[in-house]
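# Summary of the model geometry
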Amino acid sequence: MKTITMHYPGNLTAFALSSGDRDQILAGIEHNSGFYEPHIMNVLTHIVGPEWVCLDIGANIGAISLAMGYRASGGGVVFAFEPSSENFRYLSLNVMQNKAGNIIPLKLGVYEENKQMAFSFIDFGGGWSHITTEHAERGIQETVTCVKLDDWAVKRGLRRLDLIKLDVEGAEVPALKGAEGIIRGFRPDLIVEFNPGAQQTIFQEDPSLLFDKLQELYPRLFVIDFNFTVYQLHTYEQLMNLFRDGREVVDLYCTFK
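Starting from 1, residues in each chain are numbered consecutively following that chain's sequence as written. Reporting in this predicted model follows two pLDDT cut-offs: at least 70 for local features of residues, and 80 or more for side-chain atom pairs to be given and counted; totals over whole chains, interfaces and linings ignore these cut-offs and use all residues. Calculated side-chain values reflect all of the structure's heavy atoms, with hydrogen atoms and water omitted.

As annotated in an unreviewed UniProt entry, the chain is FkbM family methyltransferase from Paenibacillus oenotherae.

Rendered as structure tokens:
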């Protein structure tokens, strides 16, 4: 096991973040002077309120969950969904060692129906783990429990929802299909990773399906760029042009505001 220090933007606070010795997420944070996805953290700083209820879907070892929990520490709560046994172990540890009592780790995946599913864990970088399909089976195999968010919210008695962060390595479309009710009912903000390579490789799915689903659910879509700018996204062609410089993912902010 390895533990590093992860800084929050502005150096207002820092977190102890633990994972396996080979975890490339930790290596990336160290390489980036202790910061993790600072463009996303910057957005969280500007939008998350002290009483917000947040869902971190694909929480991995908890870096984003910790930032959400820090921002929502005035009575808010973060439900951190992570299906992988190994990732969940470190997620729970990181929540505990940072005394983040408003973060609730849940050993669950998210899909369009409630079911047991095969899952591929990538031991050198748990953030790249994914649902196993006939097109992609790699790493360590396990069976995980996945839930439809609309059903989970009813069982949980959810009365408020302000933000969803969704990063599930290409399974975003089925995850959103299972969350249409709570999105239309609570109108939460959404931060979602658009990863066409994962959609195409793992699910043999046209990436435009995710863009279409986001436009169906949200009136306004924005690109969260690496240079800390946020600008409105209007067309699929505009989005795909961003990949011409060799980047692999684009983070989007979707809102009703």
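The term nonpolar core refers to a set of buried residues drawn from Ala, Val, Leu, Ile, Met, Phe, Trp, Tyr and Cys, joined through side-chain atoms within 4.5 Å. Here's how the labels work: a residue is buried when its accessible area is under 20% of the maximum for its type, exposed when over 50%, partly exposed in between, all with a 1.4 Å probe on protein chains only. Of all hydrophobic cores here, the largest spans 47 residues; its most connected members are Leu 55, Phe 81, Trp 152 and Leu 252. Labels follow the DSSP assignment, with helices taken as runs of H or I lasting at least four residues and strands as runs of E lasting at least two, numbered in each case from the N terminus. At 4 residues, helix α9 (residues 208-217) tops the list of elements feeding residues into this core. Throughout, a contact is declared for two residues whenever any of their heavy atoms are within 4.5 Å. Not counting chain neighbours up to four residues away, the residues in contact with Trp 152 comprise Leu 55, Phe 79, Phe 81, Leu 106, Leu 108, Val 147 and Leu 158. Ranked by size, the runner-up nonpolar core spans 38 residues in total, among them Ile 4, Phe 15, Val 78 and Leu 163.

Turning next to unusual backbone geometry. In the Ramachandran plot, Lys 99 falls in the positive-phi region, its phi being about 50 degrees despite a non-glycine side chain. Along the chain, Lys 99 falls in the loop between α4 (85-97) and β5 (103-106). Using a relative accessible area of 74% as the deciding quantity, one classes Lys 99 as exposed. Phi is positive for Phe 228, close to 70 degrees, though the residue is something other than glycine. Tracing the sequence through the fold places Phe 228 in the loop between β12 (220-224) and β13 (230-233).

The next thing to look at is the sheet that holds β5. Two strands are counted as paired when DSSP detects at least two bridges linking them. One open sheet accounts for 8 strands, arranged β5-β4-β3-β10-β11-β14-β12-β13; its pairing is mixed. The open sheet terminates on both sides in strands that have one partner only, identified here as β5 and β13. When strand polarity is set aside, the average angle formed by the axes of neighbouring strands in this sheet is 20 degrees. Here β12 pairs with β13 via 4 bridges, running antiparallel. Each residue of the ladder has a partner; that of Leu 221, found in β13, is Leu 233. Along the sheet, helix α2 (residues 38-47) makes contact with β10 (163-166), β11 (189-194), β12, β13 and β14 (250-255), crossing β11 at roughly 175 degrees. Axes here refer to lines fitted to C-alpha atoms; in helices the fit is confined to the stretch in contact. Angles between the N-to-C directions go from 0 to 180 degrees. Each of β3 (53-57), β4 (77-81) and β5 is contacted by helix α5 (residues 149-156), which is oriented at about 135 degrees to β4, the strand it contacts most.

In this section: the pairing of β3. Burial analysis of β3 places 5 of its 5 residues in the buried class, which makes it a mostly covered element. Burial along β3 is two-sided: the face carrying Val 53, Leu 55 and Ile 57 and the face carrying Cys 54 and Asp 56 are both buried. With 5 bridges connecting them, β3 and β4 associate as parallel partners. Each bridged residue has a counterpart across the sheet, and for Leu 55 the counterpart in β4 is Phe 79. Viewed with both strands pointing away, a crossover whose connecting path from the first strand over the helix to the second turns clockwise is right-handed. What joins β3 to β4 is helix α3 (residues 63-71), and the crossover it makes is right-handed. Judged from the 4 bridges that link them, β3 and β10 form a sheet pairing that is parallel. Looking at β10, one finds that Cys 54 is bridged to Leu 163.

Our next topic: the side chain of Asp 56. Tracing the chain through its elements places Asp 56 in strand β3. Of the residues examined, Asp 56 reaches a relative accessible area of 0% and is grouped as buried. Excluding residues that lie within four positions of it along the chain, Asp 56 makes contacts with Ile 64, Ser 65, Met 68, Val 78, Phe 79, Ala 80, Phe 81 and Lys 165.

Here we come to the pattern of salt bridges. Salt bridge criterion: a side-chain nitrogen from Lys or Arg within 4 Å of a carboxyl oxygen from Asp or Glu. Enumeration according to the criterion identifies 12 salt bridges in this entry. The partner of Arg 89 in a salt bridge is Glu 86, and the shortest N-O contact between them spans 3.0 Å. Here Glu 86 and Arg 89 lie together in helix α4, a separation of 3 residues that amounts to about one turn. A relative accessible area of 46% places Arg 89 in the partly exposed class. When its relative accessible area of 29% is taken as the criterion, Glu 86 is described as partly exposed. Across the pair Arg 184 and Glu 180 runs a salt bridge, and its minimum N-O distance is 3.3 Å. Linking Arg 184 with Glu 180, this pair stays in helix α7 (residues 180-186), spanning 4 residues, or about one helical turn.

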